[in-house]
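Summary of the model geometry
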Amino acid sequence: MSETAWAVTVVPQNIERLPLFHWRPGARMLAIGSRDGADFVGDQTVDRNTFKRPLTSSLIREAVTKQKLDGVTLVWSSTLREPSGVAVIVEANPAALVVATPGCGDADLLATLLPHVDAWLLLVTAQHQAALAQRILDAGRHVEVLIGLTDESVPVLDWSRAAAIHLCARRPAESDRLDQWMVGARQSLPATAAIYDDHHQHTDCRACGERLVWRHSGRSRIDADVSNQALRCRACSAEQAFHF
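Residues numbered from 1 in each chain as written. Predicted model: local features only at pLDDT ≥ 70, side-chain atom pairs only at ≥ 80, totals over all residues. Heavy atoms only, no water.

1. A short note on the sheet that holds strand β15 (residues 230-232)
The cut-off we apply is this: Any two strands with at least two DSSP bridges between them are considered paired. Secondary structure elements follow DSSP: runs of H or I no shorter than four residues count as helices, runs of E no shorter than two count as strands, and numbering proceeds from the N terminus.
One open sheet accounts for 3 strands, arranged β14-β15-β16; its pairing is antiparallel. Only two strands of the sheet have a single partner each, and these edge strands are β14 (225-227) and β16 (239-240). Pairing between β15 and β16: 2 bridges, direction antiparallel. Bridging across to β16, Leu231 finds its partner in Gln240.

In structure tokens form, the structure reads like this:
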């Protein structure tokens, strides 16, 4: 039995709110971690004076079962610095496990997590190039990236295995400059990447432009055919890169 862990947030959450757009659209997960979720720099001091509740593997399993959830999402400020929390979650063995992290922390803890994680949301910025970011991109089963934009260019990473890229302002107070930064980011990122921002939340078929997934306020509706765990456009039958 692992030691008891602690978390501020233990609440059901739509997967789209993470945001994770190309992994099991409509999934409902038990979000466990920090008050404000994962942080771009993994600041563990944010919850220092906040009430925390104890976690056990049995409590997690019971919460997922009673609320008929699809799995667990880890949203500590930096999950890779939460060994006791990771141990409890691995012991709980949820049907699906998602991790949101800035990719900084313990390399050994990452190695422990990799075989268990179904999907990652990797938070990166140009100023804080996370040491483990490329390793997660290389080895994760499904990886989406949230880039916190600033005046500086986007991080230099191999984007070829990113299932989707999400753009936001690194600091909410700088969101008035986000439109300008997004233009530069899109020019720097691969033209083939699936890129999302506040103005582009839906997913359209790259072959014919047909609407495939509609999203609003953390909810989604699939307007495409799903068969054999593949998403296909109803208009042109083109298969899309989604995980179910």
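2. Points about the pattern of salt bridges
Side-chain pairs of opposite charge can arise whenever the charged atoms involved come near each other. Quick reminder of the rule: Here a salt bridge means any side-chain nitrogen of Lys or Arg lying within 4 Å of a carboxyl oxygen belonging to Asp or Glu. Each residue gets one of three labels from its accessible area relative to the maximum for its type: buried under 20%, exposed over 50%, partly exposed in between, using a 1.4 Å probe on protein chains only.
Applying the stated criterion to the full structure yields 10 salt bridges. The residue Arg141 makes a salt bridge to Asp118 at a minimum N-O spacing of 3.2 Å. Of the two residues, Arg141 sits in the loop between α4 (133-139) and β8 (143-149) while Asp118 sits in the loop between α3 (107-113) and β7 (119-125), which places them 23 residues apart along the sequence. Relative accessible area serves as the criterion here: at 16%, Asp118 is assigned to the buried category. Between Arg177 and Asp151 there is a salt bridge; the shortest N-O distance is 2.6 Å. Placement of the pair is Arg177 in the loop between β9 (162-169) and α5 (178-188) and Asp151 in the loop between β8 and β9, with a sequence separation of 26 residues. We classify Asp151 as exposed; its relative accessible area is 54%.

3. Thoughts on the sheet that holds strand β11 (residues 203-204)
The 3 strands lie next to each other as β11-β12-β13, forming an open sheet whose pairing is antiparallel. Each edge of the open sheet is held by one strand with a lone partner, namely β11 and β13 (219-222). When β11 meets strand β12 (residues 211-216), the two strands line up antiparallel, connected through 2 bridges. Residue Thr203 lies in a different strand from β12, and its bridge partner there is Val213.

4. Structural notes on helix α1 (residues 57-66)
As a reminder of what qualifies: Regarding the arc, it is the one traced by the directions from the helix axis to the C-beta atoms. Working rule for contacts: check all heavy atoms of both residues, and any pair within 4.5 Å makes them a contact.
Within the span of α1, buried status applies to Ser57, Ile60, Ala63 and Val64. The arc that holds the buried residues of α1, viewed along the axis, is 130°, so those residues lie on one side. Across α1 from its buried face, at more than 90 degrees, point the exposed residues Thr65 and Lys66. Residues of α1 that are buried make contact with β3 (28-33), β5 (71-75) and α2 (83-92). Once α1 ends, the next one or two residues include Lys68, with phi positive near 55°.

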